[in-house]
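Read off the chains here:
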Amino acid sequence: MSKWKNAAMLLVVVLLIILPLLLVNGEFGGADDAAEGAIGEIAPAYEPWFQPLTELPGETESMLFALQAAVGAGVIGYAAGLWKGRGERRSAHAKKN
Amino acid sequence: MKGRRKWKLAVLVCGFAVYFLVNEPGTAHAMHIMEGFLPLGWAVFWWAAFLPFFGLGIWKLNRMTKDNPDLKLLLGLSGAFTFVLSALKLPSVTGSSSHPTGTGLGAVMLGPLPMSVIGSIVLVFQALLLAHGGLTTLGANAFSMAVAGPLAGYGVYKLIMRTSERERLAVFMAAAIADLTTYVVTSVQLAAAFPAADGGFAASLLKFGGIFAVTQIPLAISEGLLTVLLWNWLKSYSPGELALLKREAKGGFSK
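S.K.: Can you walk me through the sheet that holds strand β1 (residues 29-30) of chain A in this structure?
M.R.: Two orientations exist for strands paired in a sheet by backbone hydrogen bonds: parallel and antiparallel. Taken in spatial order, the 3 strands of this open sheet run β1(A)-β2(B)-β1(B), and their pairing is mixed. In this open sheet, the two strands that pair with only one neighbour each are β1 of chain A together with β1 (90-91) of chain B. The pairing of β1 of chain B with strand β2 (residues 96-98) of chain B spans 2 bridges and is classified as antiparallel. In the strand pairing of β2 of chain B, L90 of chain B is matched with S98 of chain B. Its contacts with the sheet put helix α9 (residues 213-237) of chain B on β1 and β2 of chain B, and the angle it makes with β2 of chain B is roughly 55 degrees.

So, in C-alpha cells, the structure goes:
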C-alpha cells in the first residue's frame, strides 16, 4: 500500500521533470540568467560591481555539482543505515527479554 | 569531543568573519541573486538582516548538540538533504531551470534556526566554487533560502500538525512552502532593488516573480514529494529513531 504510494510519488516527480522538457519549447537555461536579462531591461545602466572570485569551466562546475550531490547522498545513506541497525538491535534485544 | 566541537565552531565563525570583512565594501548575498547584482545598499541591508539569524542559529546548534550529541546525525542528515537537492537543477514549465532548496526537511526535524547555518554553508560552497550566487549577494540569498524558507516551512508544518495531525501532508507542505517562499523572497529582493521606471516595485515584482517563483512551482511540488519519500523511508527502516530524535530536538526548543 505505502509501497505503491511511494512509487506513485516518485513517478510524479519524474513526470514533473520530463513533461516540461517535452511540452515546453525553451532553452532551459538557469533562472538566475533569466533574471540577469530582466535586470538589464529594467535598469540598462546597471553594472555588476563585483565579479565571482572563481569562474570554473563548465565541466568542472558540473563535476562539483555531482560531488555536492554525492556527498549529500552518502551522508543520508549512512544515517539511514545506522538507524536501521540501531532499530534492529533494539527490537532483537526486546525479543530476548 | 567537546574541544573539537568548539574548534569547529571557531573555524566556522572565523570563516564567516573573514568572508564578511573581505566583502565589507559591498555585502549582501542571497541564494540565487548573481554576484554583484544587488546595489551596495541592498547588499548591506540583507547581510544585516541575515546575520542575527545566523548568530541565533549557531547558538541554537551549540545548545542542541550539547544537550544531545545524537542530534548531530539528524543535523548531518538535514545538511545532506539540502546539499543533494540544491545540486539538482531541474527543468521547469517556464522553459528555464532552477533547483529545489531542501531546507524544509531540516526545518521540520530541527526547527528553523539551525537551518540558517546549514543553508548558508551550502550557499557559501556554491558562491565560492560554482560562481552560483555570490559573496556580495550572500546576505540576501541566505536570508531567502536559509532564513525565510525554513521559517515559512516550519510555520506551515506546525499549523497543519495542530489542526489535522496528518504528518505526511504537513511534511509535504512544509518542504514545498519552504522552497517556494525562498524564491518569492528572492523576487521581492530583486524588485526592491530594481523597481521598474514604469510601474515601480509592483511591475518589477511581477517580472522577477515570473522568472523565479513561477519556475519554482513544479519544483516545489517535486521537493515536497521527495521530502515525504525520504521521510517514509526513514520511518519504515527505523520507526523509533526518528521519532525519538525529533522529540528530543523539540525538547530543546521549548526551554
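Once you've had a look at it, read on.
S.K.: Sorry if this is basic, but what is going on with the interface of chain A and chain B here?
M.R.: Interface size is often expressed as the accessible area that is lost when the parts come together. Taken together, the contacts link 53 residues of chain A with 69 residues of chain B. Across the chain A to chain B interface the summed buried area is about 5300 Å²; carbon plus sulfur atoms make up 76%. Along the contact surface separating chain A from chain B lie 1 salt bridge. Close ionic contact of K207 of chain B with E41 of chain A constitutes a salt bridge, the shortest N to O distance being 2.5 Å. Here chain A is connected to chain B by 7 residue pairs in polar contact (both at pLDDT 80 or more). Those elements giving two or more residues to the side of chain A that touches chain B turn out to be α1 (2-23), β1, α2 (31-42) and α3 (58-96) of chain A. With 18 residues, the single largest contributor to the side of chain A that touches chain B is α3 of chain A. Within the side of chain A that touches chain B, the residues separate by chemical class into 35 nonpolar, 9 polar and 9 charged.

S.K.: Hey, could you run me through the pattern of salt bridges in this one?
M.R.: Throughout the structure, instances matching the rule amount to 3 salt bridges over all chains. K84 of chain A serves as the salt-bridge partner of E88 of chain A, at 3.1 Å between the closest nitrogen and oxygen. Placement of the pair is E88 of chain A and K84 of chain A together in helix α3, with a separation of 4 residues, close to one helical turn. For E88 of chain A, a relative accessible area of 45% puts it in the partly exposed group. Notably, a salt bridge pairs E167 of chain B with K235 of chain B, separated by 2.6 Å at the nearest N-O pair. Of the two residues, E167 of chain B is situated in helix α7 (residues 167-193) and K235 of chain B in helix α9; the sequence distance between them amounts to 68 residues. When its relative accessible area of 26% is taken as the criterion, K235 of chain B is described as partly exposed.

S.K.: Just checking my understanding: could you explain the layout of surface pockets for this structure?
M.R.: To find leftover empty space, a probe the size of one water molecule is rolled over the atoms. The calculated volume of the second largest pocket comes to roughly 430 Å³. Considering the residues around the second largest pocket, the lining is formed by 25 residues, among which D32, D33 and E36 of chain A together with M34 and A131 of chain B are closest to the centre. Of all the elements in the fold, those that place two or more residues in the lining of the second largest pocket are α2 of chain A together with β2 of chain B.

S.K.: What is the right way to read empty space enclosed by the protein from this model?
M.R.: Residues and elements named next belong to chain B. Within the structure shown, the criterion is met by 1 cavity of 30 Å³ or more. Those elements giving two or more residues to the lining of the largest cavity turn out to be α5 (112-130) and α6 (138-163). Tallied by class, the residues present in the lining of the largest cavity amount to 6 nonpolar, 1 polar and no charged.

S.K.: Help me understand the confidence of the model for chain B, please; the structure alone is not making it clear to me.
M.R.: Residues shown with low pLDDT carry predicted positions that ought not to be read at fine detail. All names here are of chain B. Confidence along chain B averages 83 in pLDDT terms, with 85% of residues attaining 70 or more. The least confident element of chain B is helix α1 (residues 2-22), whose mean pLDDT is 60; the most confident is α6, at 94. Scored as a whole, the predicted complex attains pTM 0.82, and scored at its interfaces, ipTM 0.84.

The rules behind these values
Residues numbered from 1 in each chain as written. Chains lettered and ligands numbered in written order. Predicted model: local features only at pLDDT ≥ 70, side-chain atom pairs only at ≥ 80, totals over all residues. Heavy atoms only, no water. Pairing = 2+ DSSP bridges. Helix = DSSP H or I, 4+ residues; strand = E, 2+ residues; numbered from the N terminus. Contact = heavy atoms within 4.5 Å. Axes fitted to C-alpha atoms, helices over the stretch in contact; angles between N-to-C directions. Buried area = accessible area lost by both parts, 1.4 Å probe. Salt bridge = Lys/Arg side-chain N within 4 Å of Asp/Glu carboxyl O. Polar contact = N/O pair within 3.5 Å; in protein donor to acceptor, adjacent residues only side chain to side chain. Nonpolar A, V, L, I, M, F, W, Y, C, P; charged D, E, K, R; others polar. Buried < 20%, exposed > 50% of the residue type's maximum accessible area, 1.4 Å probe, protein only. 1 Å grid on protein atoms, 1.4 Å probe; cavity = no way out; pocket = protein on both sides within 12 Å on 5 of 7 lines; lining within 4 Å. Points joined across faces, edges and corners; volume = space filled by probe spheres on them. pLDDT = per-residue confidence, 0-100.

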